[in-house]
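# Residue-level structure breakdown
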Amino acid sequence: MRLDDTTIRVVVAGTDTIPDDATAAALTITAVSPTGDGYITAYPAGTVRPEASNLNFRAGEVRANGALTRLGDDGAIDIFTSAATDILVDVSGAFRPTADSDSGRFVPVEPRRVVDTRGSTAPGVDSSIDVTRDALGVPSTATAVAVNLTAVDSVDPGFFTLWPGDRDRSETSVLNVDAAGQTRAAFAIVPLGADGSGISAYTSNGAHLLMDVVGHFTGTADAISDVGLFVPRDPDRILDTREAGWALTPRTLTSVEAIAPDALALVANWTTVDASGPSFLTAVPDPGPPRTGEAPVVSTVNGDIGIAVANLAITPVGPFGISAYSYAGEHALVDVAGYFTGAGGTASLQLRAPAEPLPGNLPRPDRTPRPPVAQIADAAVRLEPALSLPNLTGMEWSVLAGSYYAITQEGRVHRIPVDLSGSDIVLDLTPEVSPLQPFSERGLLGITFDPVDGRMFLHFTDLGNDSHIVSFALVDGVPDPGSRRSVLFLQQPGLGHQGGGMQFDRAGNLHLSFGDGGGSRGRDAQDDSVLHGSIVRIVPDRDGDGYAIPPDNPFVGDPARRDELWATGLRNPWQFSIDPASGDIWIADVGEDQAEEVNVVPRGASGLNFGWYWFEGTRDRGLAGVPTDVYLVPPVFEYGRDRGVSVIGGHVYHGTAIPQLSGAYVFGDMSGPLFAFGADGATELGVRGSGVITGFVETPERELLMLTLRNGLFRLLPG
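Because the structure is a prediction, the values reported are computed rather than measured. Residue numbers here run from 1 along each chain, matching the order of that chain's written sequence. With pLDDT at 70 or above as the cut-off, local features in this predicted model cover only qualifying residues; side-chain atom pairs require 80 or more to be listed or tallied, and sums for whole chains, interfaces and linings still use all residues. Only heavy atoms go into the side-chain values, all of them from the structure, while hydrogens and water stay out.

### Quick look at the overall build of the protein chain
In terms of helices and strands, the protein chain carries three helices and 54 strands. A compact globule built from 719 residues would reach a C-alpha radius of gyration of about 27 Å, and the protein chain, at 28 Å, matches this within 12%. Expressed along its principal axes, the backbone C-alpha trace of the protein chain runs to roughly 85 × 55 × 55 Å. Should any heavy atoms of two residues lie within 4.5 Å, those residues are counted as being in contact. Within the protein chain, contacts between residues at least 6 apart in sequence are counted, and of these 70% link residues at least 24 apart. Each accessible area value is a Shrake-Rupley result obtained with a 1.4 Å probe; residue values ignore everything except the protein chains displayed when judging cover. Surface exposure of the protein chain reaches about 26700 Å², of which carbon and sulfur atoms provide 50%. A distance of 3 Å separates the average location of the 48 positive side-chain charges in the protein chain from that of its 89 negative side-chain charges. Per the convention used, a helix needs a DSSP run of H or I reaching at least four residues, while a strand needs a run of E reaching at least two, with both numbered from the N terminus. When we talk radius of gyration, it's over C-alpha atoms, and the globule rule is simply 2.2 Å times the number of residues to the 0.38. Think of it this way: Lys and Arg go in the positive column, Asp and Glu in the negative one, and His and the chain ends go nowhere. A charge is said to be at NZ when it belongs to Lys, at CZ for Arg, at CG for Asp and at CD for Glu.

### As for the sheet that holds strand 26 (residues 392–398)
Strand pairing is assigned whenever DSSP identifies at least 2 bridges connecting the two strands. Spatially, 26-27-28-29 is the arrangement adopted by the four strands of the open sheet, whose pairing is antiparallel. Each edge of the sheet is formed by a strand with only one pairing partner; in this case those strands are strand 26 and strand 29 (424–428). Neighbouring strand axes in the sheet, compared pairwise and without regard to direction, differ in orientation by 25° on average. When strand 28 (residues 412–416) meets strand 29, the two strands line up antiparallel, connected through four bridges. Paired with His414 across the two strands is Ile425, which belongs to strand 29. To define axes, lines are fitted to C-alpha atoms, for helices over the stretch in contact only, and angles between the resulting N-to-C directions are given on a 0 to 180 degree scale.

### Digging into the pairing of strand 42 (residues 585–589)
When you tally the buried positions in strand 42, you get five out of five residues, the bulk of the element. Between buried and exposed lies partly exposed: a residue is buried under 20% and exposed over 50% of the maximum accessible area for its type, with that area taken using a 1.4 Å probe on protein chains only. Here strand 42 shows a buried face lined by Ile585, Ile587 and Asp589 and a second buried face lined by Trp586 and Ala588. In terms of strand pairing, strand 41 (residues 575–578) meets strand 42 through four bridges, oriented antiparallel. Looking across to strand 42, one finds that Gln575 is bridged to Ala588. Connecting the antiparallel pair strand 41 and strand 42 is a turn made up of six residues, with Gly583 showing a positive phi of about 85°. Two successive antiparallel strands, strand 42 and strand 43 (residues 595–601), enclose a turn made up of five residues.

### Remarks on the environment of Pro372
Following the sequence through the fold, Pro372 ends up in the loop between strand 24 (350–352) and helix 3 (373–377). In this structure Pro372 touches Ala679 and Asp680, once residues within four positions along its chain are discounted.

### What to know about the pattern of salt bridges
Here a salt bridge means any side-chain nitrogen of Lys or Arg lying within 4 Å of a carboxyl oxygen belonging to Asp or Glu. Applying the stated criterion across every chain yields a total of 28 salt bridges. Taking the shortest distance from any N to any O, the salt bridge between Asp558 and Arg561 comes out at 3.9 Å. Owing to a relative accessible area of 29%, Asp558 belongs among the partly exposed residues under this scheme. By relative accessible area, which is 31% here, Arg561 ends up partly exposed. In this structure, Glu564 engages Arg562 in a salt bridge whose closest nitrogen and oxygen atoms are separated by 3.0 Å. We classify Arg562 as partly exposed; its relative accessible area is 29%. What you see here is one network of salt bridges that share partners, running through Glu61, Arg63 and Arg184.

### Focus on the nonpolar core
Nine residue types can take part in a nonpolar core, namely buried Ala, Val, Leu, Ile, Met, Phe, Trp, Tyr and Cys, and a core is a set of them joined through side-chain atoms within 4.5 Å. Membership of the largest hydrophobic core comes to 36 residues, with the highest contact counts inside it found for Leu661, Phe667, Leu674 and Leu716. No other element matches strand 50 (residues 673–678), which puts four residues into this core. Not counting chain neighbours up to four residues away, the residues in contact with Phe667 comprise Val598, Phe637, Tyr639, Val647, Ile648, Gly649, Gly650, Leu674, Phe675, Ala676, Phe677 and Phe696. By size, the runner-up hydrophobic cluster in this structure holds 25 residues, among which are Val138, Ala142, Leu192 and Ala201.

### With respect to the side chain of His414
On the secondary structure map, His414 appears in strand 28. Look at His414 and you get buried, because its relative accessible area is 7%. Ignoring anything within four residues of it in the chain, the contact list for His414 reads Leu389, Tyr404, Tyr405, Ala406, Thr408, Ser423, Asp424, Ile425 and Val426.

### Some remarks on the packing of aromatic side chains
Centre distance within 6.5 Å is the pairing criterion for rings of Phe, Tyr and Trp, where only the six-membered ring of Trp is used; planes under 30 degrees apart are then read as stacked, over 60 as edge-to-face, and the remainder as tilted. In this structure the tally under the stated criterion is 22 aromatic pairs. Measuring from ring centre to ring centre gives 6.0 Å for Tyr39 and Phe80, while their planes differ by 50°; the resulting arrangement is tilted. With Tyr39 in strand 3 (residues 38–44) and Phe80 in strand 6 (residues 76–81), this pair connects stretches of sequence that are 41 residues apart. Accessibility expressed as a relative area gives 29% for Tyr39, which makes it partly exposed. Taken together through their ring pairs, the aromatic side chains of Trp586, Phe637, Tyr639, Tyr665, Phe667, Phe675 and Phe677 make up a single cluster. Over the aromatic face of Phe555 sits the side chain of Arg561, whose NZ or CZ is 4.4 Å from the ring centroid. Note on geometry: a ring has a charge over it if NZ (lysine) or CZ (arginine) is within 6 Å of the ring centre and within 35 degrees of the ring normal.

### Side note on the sheet that holds strand 7 (residues 86–95)
The strand order 5-2-7 describes an open sheet built from three strands, whose pairing is antiparallel. Each of the sheet's edge strands pairs with one partner strand only, and the pair in question is strand 5 (62–70) and strand 7. Strand after strand, the sheet turns through a mean of 20° between neighbouring axes, direction not considered. Both strand 2 (residues 24–32) and strand 7 contribute to a ladder of nine bridges, which runs antiparallel. Note on strand 7: the bridge partner recorded for Ala31 is Ile87.

### Notes on the confidence of the model for the protein chain
Per-residue confidence from the prediction method is given by pLDDT, with values spanning 0 to 100. Of all residues in the protein chain, 93% attain a pLDDT of 70 or more, and the chain-wide mean is 86. Overall, residues 343–368 carries pLDDT values under 50, and its contacts beyond four positions in sequence, including any with other chains, amount to 75 contacts.

### Brief notes about the side chain of Arg485
By the element assignment, Arg485 lies in strand 35 (residues 485–490). For the buried Arg485, no salt bridge exists, and the shortest N-O distance to an oppositely charged side chain is 4.7 Å, to Asp453. Residues adjacent in sequence count toward polar contacts only when both atoms are side-chain atoms; beyond that, a polar contact is any pair of N or O atoms within 3.5 Å, and within protein one must be able to donate a hydrogen and the other to accept it. At 3.1 Å, the side chain of Arg485 and the backbone oxygen of Arg542 are in polar contact. Apart from residues no more than four positions distant in its own chain, Arg485 is found in contact with Arg455, Ile469, Val470, Ser471, Asp541, Arg542, Asp543, Gly544 and Asp545.

### Things to note about the environment of Leu383
Here Leu383 shows up in strand 25 (residues 381–387). What Leu383 contacts, discounting residues up to four positions off in sequence, is Leu674, Val687, Arg688, Gly689, Met706, Phe714, Arg715 and Leu716.

### What to know about the environment of Val297
On the secondary structure map, Val297 appears in the loop between strand 19 (279–285) and strand 20 (301–303). Spatially, the C-alpha atom of Val297 lies 20 Å from that of Pro451, the residues being 154 residues apart in sequence.

### So, unusual backbone geometry
Positive phi outside glycine occurs at Ser33, with the angle close to 50°. The class for Ser33 is partly exposed, based on a relative accessible area of 35%. Look at Asp74: it is not a glycine, yet its phi comes out positive at around 60°. Its place among the elements puts Asp74 in the loop between strand 5 and strand 6. Here Asp74 falls in the exposed class, since its relative accessible area comes to 67%.

Laid out in structure tokens, this is it:
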């Protein structure tokens, strides 16, 4: 019988060897030859079908995934399929209620890879391999092991099975691939051989195999304890980055905090959607800051462009919960099925996901926990010279190249090692960049890197003083001139106020800052038919020149406004930064002659108008035409010319060297003073830069470096 948009009930408790009092079961659910794309959801019988899913499939394929599911009425589960398919349900174990136990308790380990055949000959068609207990890293008393099995470069469609090493191969399967060359993963709880042997793995079609161990289950020879008991939950979707308005950043650890007293490990189904390329996602314990973003050796889900792929995972909970690492960048769905706890099943679990995006264009309070000014004032900060390099205007770390890249105003790009021990010129654009002039706001002004493909993006003004955004591919860490692409051109009305900032957000959108151009006395900042005086948000074309418009930009479809605009009413936003923890955009907007200001675009807000040219900071300039139907957003902080002459944007501090600044927005003024903005305002840090401050850059450890025009690069260190 083929099922189509319907629900069936499967009784588990009391069948075969499953005890009558079982409260949850470990399953493998397989969809066979569906007639269309769809999904399967398994949930406790008699409860309302949840939003969560266990398995995503495409027409014609065979797809399997594990599930740990609470049993409902009569010890049964309900299974729903959204498209016509045959369904197989294999039960690999059950959980019984108990306050403590010697056997069946879960012992998590730091996820580790124990098998990777890619360094040798791949298992052939209709073949198997044995994995000993020693190789698995489990004790002699363990009764089962929790593993993630990945098939790579399959020769043909086929299936894969895991079973105890002292028994004959099971007829069930834990993993299916439906085409040659696929990479697929599946989670399984596998009993261990009773004779002290480990487990065996079988492939019907030949493929390289990867096996990652996340923990084991205790046996009767172990101590009686309440640690490691399973607490099933009704399936609950606790994160969908599509709805949250952001995606996982490529090659970066993203925190998904788990809040549960004594929780040892989270049981959840992880689904990847809309991967930007062949990718893998790994759920790992979150060690807390600084999160280096280094690639884990293990994987949880393997995805690709245009498909949704799900896999169950048991993930040990770290000091700060759970982190997700994405190789290429993608959306992620997390459906919780339960957890293993050390409190006898009395603990509750909550995962904290980012708040919902704000509808419309109204601002909301910043959510980043910031320290009070009194705490900031206790910080002792000093500046240490790090590298002598004149005319610095920007600098960024490239994850792909493992190096810093610094730009100088006359048009050169320098590669700098992580220890800041020197620099090499890797690109020279001086023949086409505005000539270097003292106090000029023109030249090579901005640099950033695409988190998807690692391309270098540069923002410069040309010999005619107009603005260009171009990109280059890196080959062995060097920009390839033959790979150059022209992304955006903006004709400038004057010689000043060019802006120059650039940064990608989590979803791969490129944000650019442009000043009002200096040719209209600021009026262009309130003309939404041009890009001057704004933050622009685009998606660069990754196959050629040009760019696309994100469909959720605030003015898309309004013929009187440019689709590229994200925020307006800015005079000269020389630098801005997107806080990776909150997604908020911090903008340092250089004033005219009265006020320097710091503005914030909270994540989820868009279309904000910060008031220039009618207002300078909070000061009404007394000009005609101030609109009555537009909310002009005031700055979160401003200061007068008694404290500085030109605000230079910085970063929200997430380092560890100066803990008093954790969560504060650290920035400076061109003339020397450094500030930190906290929960109740900003204060100076009691240290001054010299040589004309031009910017700040984060290190891979989230510490800060300061750039200057005349005296090179400085480290911010504890005093």
